[in-house]
Every structure is written in C-alpha cells, then in structure tokens.
Amino acid sequence: MNLNMNSVESLVAQIQGLSSSGDDIAHLHILLKQSEELLQSESTRLAVVLAELDPSKHSLGYLYILEACTAAPISKEQANEVILSIARFINECAAEQIRLAPDKFISVCKRFKDQVILFEAPMRGVAPLLTAVRKLKTTSEQLTALHPDFLLLCLLAKCYKTGLCILEDDIYEVDQPRDFFLYCYYGGMICIGQKRFRKALELLHNVVTAPMSTINAIAVEAYKKYILVSLIHLGQFSTSFPKYTSSAAQRNLKNFSQPYIDLANCYGNGKISELEAYVQANRENFEIDNNLGLVKQVVSSIYKRNIQRLTQTYLTLSLQDIANTVQLNSPKEAEMHVLQMIQDGEIYATINQRMEWLDS
Amino acid sequence: MEGEDEASAQMIDEIYANGGDSSQRHRPIINGEQLDIEAYAALYSGRTKIARLLFIANRCGVVSMELEALRMAYDEVKKGENTLLFRDVVPKINGRLGSNYGPDSAWTEAVDRRAEQRKEKLESELNAYRTNLIKESIRMGYNDFGDFYYAHGALGDAFKNYVRTRDYCTTSKHIIHMCLHAILVSIEMGQFTHVSSYVGKAEQNPDALDAITVAKLRAAAGLALLEAKKYKQAARKNKVIDNINFRNFLELVPEVRELINDFYSSHYASCLDYLGNLKANLLLDIHLHDHVEMLYDDIRHKALIQYTHPFVSVDLGMMANAFKTSVSGLEKELEALITDNQIQARIDSHNKILYARHADQRNATFQRVLQTGSEFDRDVRAMLLRANLLKHDYVLKSARKH
C-alpha cells in the first residue's frame, strides 16, 4: 500500500522533473506507459494529484493521469467538475506533448463530449473541442477522430457557423473510415442548416460514393438527405450512381430509401398538387427519419422552380396567369412568392402594381 | 431456277402488300369520308388483307363498318387454309351475320385433316432429302414446310423453317430469298427487331440487288424503324424508295401532295386541315395507328417552329389565325416548346407578342467555363479522397469495425 502511494508520488515527481526538453519527454513517455497499470488501480485517488501538476507545462503526464481518473463512471454530481477540468486542460495543454499520446487525448475528449451531452449543455463543449481538434491535427488535411464529435456538438448546440470553419479544410488523410462517414454526414447537415447546399451536396456525395463493402446506416441516411438536397438545390435528381460508387451502395441504397426516390419522381413531373398529396400520404416516413423539414423545403422549392421557368418563357405575365400555372390560390399569393424571389435575387423582375403583371 | 424466280417475285409482291406501300394505301381515302372498306381491302391480298380487315373491325367503332369488315375477312379466310385465324374471326362475328357466317366445323375439320396429311407428306419428303444429303432439296423441303406453316397461320414455326434454309443456301439469291421470307413472317408476327436484322443481312449481300428487291428491303427497314419510333430515319428510308417515283405516287394521293405543298409553302392552317381529315383513316392503318398521334404532334410542332424561325417578333393574334387556334391555346403550345428549348424566344403575355431571344453567347460561355471549372475542382478533390481511402484499404473495415 505504502509502496503504491510512493509510486504515484514518485511518478508525479518524475513528471515534474522530465517535462522540459524533448529528450526528457520521450523518456517520460516510456515511464508513463510502464505505469499505466498502477494508474488504473489508483484511479480514485488521482484527482488530488492533478492539482500538483501544471497542464500547460506537464501536459503529457497530466493527460495520462486525467485519462486514468476519468475512466471510472462519473456521477451526476461530479460531472460539472469533470467538464470544467477537462475543458481547462484542453485549453492549456501543449499541442506537441499531447500529440505523443493521441489515443489518450482522444479518449479524454470523447468522455468530455459524452459528459457534455449527458449534462444537456452541448454548447459548453463546442469551443473546447474546436481547440482540441486544432491541437490534435498535424496538417489541415488530416481527419482526426475528434472531427465528427465536434460537428455533432455543433449540430446539437445549433452552432452551425462554428462548424463551418472546420469544414472549409479539404480532408485527404483519414484514420478511421467510420469517422469519415460521420464527419461528412454531420458536415452535410451543418451545411444544410446554413443553406450552403452546394457544399452539403458535396459532403453527402462523398458518403454515398465512399468505398464500402457492406451497406451502413450512415450511408443510407446520407443518401436520403442527398436526394432531398439535390431536389432543393438543383431541382432534379438522377437515380443513377456514378460508376465509382461501390457495388454495395449501388445495390442497396435505393431499396432503403424508396419513399425518397418516389418523391423525386413526383417532383420531376412538376405537378405541385401531386407532390403535396404524396408528401401528405408519406408524412410519417419522413417524420420518422427527421427529414420532414427538408421535405417541406422541397415542396416550396417546386413553386420557385416553376416560377423561375416562367421567367424563361415569358417577358410579361399577369399575376393571375402565374397563379394559374403554378397552382397558387390567388394572384395575391403569387405576388408574395414573386416578391420573395426577387428579394432573394432568384429572379430578375419587376411587378407593375397598376396593371398587375410581371416584367422579367 | 425459273420456278424459283417466280416464287420470289410472288413473295415480293406479298411483302409489298404487307409493308412498304407508303402511298398506295391512301388511294381510296378521299377527304376523310368514311373509309370504303371494299376499295381498301382490294388493295391487299392474302393474310395481310385479313389482318387489316380485323384491325379495322376492332378499331372503327361503327357497327355497320365492323360487320362489313368481318364479313369480308370471313370470306377471305375461307379461301385459304388458315383455321387458326378462322377460329379467331368466328367469335368476333358472334352470329351477327346470320347462319352463313357461323363456325363451319365441317370445313375446319376437313382443312385440318388435309393439313395433317400434307404435313406428314412433307415430313417424309424432307427426311428422304436429308438422308440423301442434297443441299438444294433440303432447302426446298424446309421452304415448303415454311410455306405450309405460313398458310396455316403457325407463324413461329414458319419463321423457324425459313431460317433453317439458311444452312443450305448455295447462292446469294437463295440467301435473299430466305431473308425476304423471314422478313415477311416477322412483320406479321410484329417482331420488328428480326425485320431489321434480316434486312441488314440481305443488304450485306455482295451481288447487286435488283431495284424492286432494294425497294422492298428499304420499305421493310422503314417499317421496322417506325415501330421503334425512330421517325426521322424511317422517313429517310421511305424517301429513298420513293425517290424516283415520288412524284407519280403523289399524284395518286392528292391529299398528301397538297399537304406537303402546303407545309413547304407555309400554309399551315390548310396543311393541318388536310392532316385532320386524314387522321381518321390513318388510325385504321395496321402499322401507323400507334404513331399517328405522335407524328401529328411532331408535325404541328415543326410547323410552329418553322413559323417563328424567321421573325424577331411575332404577333400572337396573327399566328393564332394562321394555325386556326386561340391565342391562349397557342400561348400554351409555345410555352411547351420554349420549355423544351425548341424555340429560342420569350412571350410578352401582356401585349401578346413573341420575341426571339438573343442569347448572350459570350456571357453564357464564360458562365459555363466557370461552372465546369468548379465542377472539375470538386470532382478531383472527391477523387483524391476516394483514392486515399482505397489506398489505405479502409473499405473492408468500414462496416464491421464498430
């Protein structure tokens, strides 16, 4: 018992002594690896020891001890404190030290994410995880295991703008394929939230066409959203896959997303009443998938698309005729739609109030 | 060999009656009055006559005309030996033409018995030929079999036998003979892919073909293309046959001549009138009926496009007049054409004027270049990413690891 106590004490002393030069830290890393078992058995009493270390100077040692002492289940009462201490560590730690033990760092950060979600305060996790991602990655092309967690917190906290800054980097190096799938899927959702549909399509497309040997749920959900977004953004959807798509995806994706394929076919006919009837009839399907909001955007986009097509065809057209062709109830409603579209810069036109026609 | 030629000439006539009669068929049709069935049927002979009559009976919807057609079909069937077709015709009449036109079981049995005997005879003959291994005789034997089945309405068997003669063909004439037979039967069966493939085979023949055969082959090919809805090519093929005699043919069919003249001299209203008159009868044509609506739409669209082509702006009122339609109807048609990108113009719905659109080529090109550039950029990035994923063999782990 005494010996153990001494070991932890001596380990702390080693950490304090060996955290300055690169050679020392490499030596310390070996020592820490050897004493992992010791740390595990002593995990309950380690919280006190942490106070003796400086996270910015003794980052590597701090990380090992922090990892060991958060391994045990954390009670509700402790949660707040744990969140605070991990957030402080993430902010202060030295990047070059924690990169020596990325696994430890990732597991600490993942626990942090779990706690934040349990605590129902995802907003508190956004900034620390962004820092963590930036400290962990060695190049901007690298996808770390923390990327998807960070994006998930952004989604939960509705901080879409913060999420975008990570998505702007092009990713080429991937550690885990699952991280890649989740990163693109969450990223796609964040872009949808910001109405950056082009980027969203690109990310979702990456998921759908990524190499895979068996179909997975992430790809299926991504494909559903891909269909909806391409209807909203491009006004059309082609059911054929690019030829580099994995055969597993080509075989199975359509079967899992039949209501969405039908929706796209319905959209292609350009008949608003049919589309609305279809959405009404399949409302439950879309609701279960949490896609009803997007589906509603699809429906409203068909009005826009039809009005846009009219401006290609007509120089002037009365609002009544617009209302008739686009199947709106009244000229007034048509005017509202047109006005909105002119404001958004989606069509170039003027409305002549006195005669009630449209000049485009 | 003389008998040969005769047979092939006769058969050519048969094909002619079946298929490529692009202008003759219009002769009895005068200004869209009720089709004179007798005159119409007189133009055809053999199976095709019966088939056309039955088709008219099915389609026309007028009881008196239907019965007239059925009566003639019944008479025609009785002249031949085709009991299959006979059994088809009788229930359609359903006793409506009196006792003379009932199911004549004595006749059918007699014919069937005769047919059975003839078949046995042909079989034994063929077997004898085959043991002797005389190519020409075997070919004749299969040919006879084909004729026999054809006469009795077993088209599938007839086709098989005709095609079998192929292995025993010694001269190019024989091959043509075989091809024509196969084409004839395929047309009857409605197997138009066979038609085009045998036309191709016949046309590959090294020896020069005589003019009539060429015309028949072209006609058959035209028909096949028509079925495949490739109107443009079909029209071209038909043009080639008609080339020399085109004018003469047209004289026989004043409506069609007028129609074409009107089309080219831009009298669209009268052109469309003529078309409207012809429509009822064309719908009764065995080969054209499926395509009439589509062809009519195409002709009308073509006329609309031609009308707008030379103008910078067109008054819709005048245009509607020229096409004998209302302004709003015309607007809808034009809208569809503009949406399809067939007319480059925009409609001023308030002043009812159509303005030709002058696309800004320069701007459009720049836009396209920029778009292509960004698409290329995106595709390359996605490709690099996929390549990296594959390189590190992340494929297999993807679904199983977690």
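Here is what the cut-offs are and how they apply
- Residues numbered from 1 in each chain as written.
- Chains lettered and ligands numbered in written order.
- Predicted model: local features only at pLDDT ≥ 70, side-chain atom pairs only at ≥ 80, totals over all residues.
- Heavy atoms only, no water.
- Helix = DSSP H or I, 4+ residues; strand = E, 2+ residues; numbered from the N terminus.
- Areas by Shrake-Rupley, 256 points an atom, 1.4 Å probe, with all protein chains shown as cover.
- Buried < 20%, exposed > 50% of the residue type's maximum accessible area, 1.4 Å probe, protein only.
- Contact = heavy atoms within 4.5 Å.
- Buried area = accessible area lost by both parts, 1.4 Å probe.
- Salt bridge = Lys/Arg side-chain N within 4 Å of Asp/Glu carboxyl O.
- Polar contact = N/O pair within 3.5 Å; in protein donor to acceptor, adjacent residues only side chain to side chain.
- Phe/Tyr/Trp six-rings, centres within 6.5 Å; stacked < 30°, edge-to-face > 60°.
- Lys NZ or Arg CZ within 6 Å of the ring centre and 35° of its normal.
- pLDDT = per-residue confidence, 0-100.
- Core = buried A, V, L, I, M, F, W, Y, C linked by side-chain atoms within 4.5 Å.

J.: What exactly am I supposed to notice about the overall build of chain B here?
T.: The number of helices and strands found in chain B is 20 helices and 3 strands. In the form shown here, chain B has an accessible surface area of approximately 21900 Å², with 52% of it arising from carbon and sulfur atoms.

J.: Is there a simple way to think about the environment of L53(A) in this case?
T.: Residues and elements named next belong to chain A. Tracing the backbone through its elements, the reader meets L53 in the loop between α4 (46-50) and α5 (59-69). Its relative accessible area of 6% is what places L53 among the buried residues. C-alpha of L53 to C-alpha of V12: the two residues are 41 residues apart in sequence and 7.8 Å apart in space.

J.: Any chance you could explain the interface of chain A and chain B here in plain terms?
T.: Often the size quoted for an interface is simply the accessible area lost on bringing the parts together. At the interface, 34 residues of chain A touch 31 residues of chain B. Between chain A and chain B, the buried area comes to about 3000 Å², and carbon and sulfur atoms account for 58% of it. Joining chain A to chain B, the criterion identifies 2 salt bridges. Among the salt bridges present, the one from D170(A) reaches R381(B), with a minimum N-O distance of 3.0 Å. At the surface where chain A touches chain B, the tally comes to 5 residue pairs in polar contact (both at pLDDT 80 or more).

J.: Is there a simple way to explain the side chain of H147(A) in this structure?
T.: Residue and element names in this part refer to chain A. Residue position: H147 is located in helix α10 (residues 146-157). A relative accessible area of 2% means that H147 is categorised as buried. Residues within four places of H147 in sequence aside, it is in contact with V133, K137, Q142, I166, I171 and Y183.

J.: Can you help me understand the packing of aromatic side chains in this one?
T.: For any two aromatic rings, the description comes down to two numbers: the centre-to-centre distance and the angle of the planes. A full pass over the atoms with the stated rule returns 8 aromatic pairs over all chains. Ring centres of Y62(A) and F89(A) lie 5.1 Å apart, and the angle between their planes is 5 degrees; on these two criteria the pair is classed as stacked. A residue pair is termed long-range when its members are at least 10 positions apart, and Y62(A) in helix α5 and F89(A) in helix α6 (residues 76-92) qualify at 27 residues. Given a relative accessible area of 1%, F89(A) falls into the buried group. By the ring-pair criterion, three or more aromatic residues cluster together here, those being Y223(A), Y226(A), F237(A) and F241(A). In this structure, R386(B) packs its charged tip against the face of Y244(A), placed 3.5 Å from the ring centre.

J.: Please explain unusual backbone geometry as it appears in this structure.
T.: Leaving glycine aside, a negative phi is the common case for residues, and trans is the common case for peptide bonds. All names here are of chain A. The phi dihedral of K158 is positive, around 60 degrees, even though this residue is not glycine. With respect to the helices and strands, K158 occurs in the loop between α10 and α11 (160-167). For N290, which is not glycine, the phi torsion reads 60 degrees and is therefore positive. The residue N290 is located in the loop between α18 (283-288) and α19 (292-313) in this model.

J.: Can you walk me through the environment of N80(A) in this structure?
T.: Residue and element names in this part refer to chain A. Mapped onto the elements of the fold, N80 is located in helix α6. C-alpha of N80 to C-alpha of Q115: the two residues are 35 residues apart in sequence and 8.5 Å apart in space. N80 has contacts with F119 and R124, leaving out every residue within four places of it along the chain.

J.: Would you explain the confidence of the model for chain B in this entry?
T.: For any part of a model where pLDDT is low, the fine detail of the predicted coordinates should not be relied upon. Residue and element names in this part refer to chain B. The share of residues in chain B with pLDDT of 70 or more is 53%, and the mean pLDDT across the chain is 67. Averaged pLDDT values for the elements of chain B fall to 41 in helix α1 (residues 2-18) and rise to 89 in helix α19 (residues 361-391). Per-residue pLDDT stays below 50 along residues 236-252; that stretch engages in 18 contacts with residues further than four places along the chain or on separate chains. For this predicted complex, the interface confidence score (ipTM) comes to 0.74, while the overall pTM stands at 0.63.

J.: Is there a simple way to think about the pattern of salt bridges in this case?
T.: Pairing is possible between side chains that carry opposite charge, provided their charged atoms lie close to one another. Residue and element names in this part refer to chain A. Scanning the model with the defined rule gives 17 salt bridges over all chains in all. Salt-bridge contacts for K113 lead to D149; the nearest nitrogen and oxygen are separated by 3.3 Å. A residue pair is termed long-range when its members are at least 10 positions apart, and K113 in helix α8 (residues 102-118) and D149 in helix α10 qualify at 36 residues. A relative accessible area of 7% means that D149 is categorised as buried. One salt bridge connects E335 with K332, and the closest N-O pair in it is separated by 3.7 Å. Here the residue E335 and the residue K332 both occupy positions in helix α21 (residues 331-343), the gap between them amounting to 3 residues, near one helical turn. Several salt bridges converge on common partners, so that one network encompasses E36, E67, K104 and R111.

J.: Where do I start with the nonpolar core in this structure?
T.: Across soluble globular proteins, nonpolar side chains have a tendency to be buried as a group. One finds F105(A), L146(A), F150(A), F180(A), L263(A) and I322(A) to be the most contacted residues of the largest nonpolar core, which totals 143 residues. Top element by residues in this core is helix α14 (residues 217-234) of chain A. It accounts for 11 residues. Among residues more than four places away in sequence, those in contact with L263(A) are L228(A), L231(A), L275(A), Y278(A), V279(A), F286(A) and V298(A). In this structure, L122(B), C179(B), V195(B) and Y198(B) belong to the second largest nonpolar core, which totals 26 residues.

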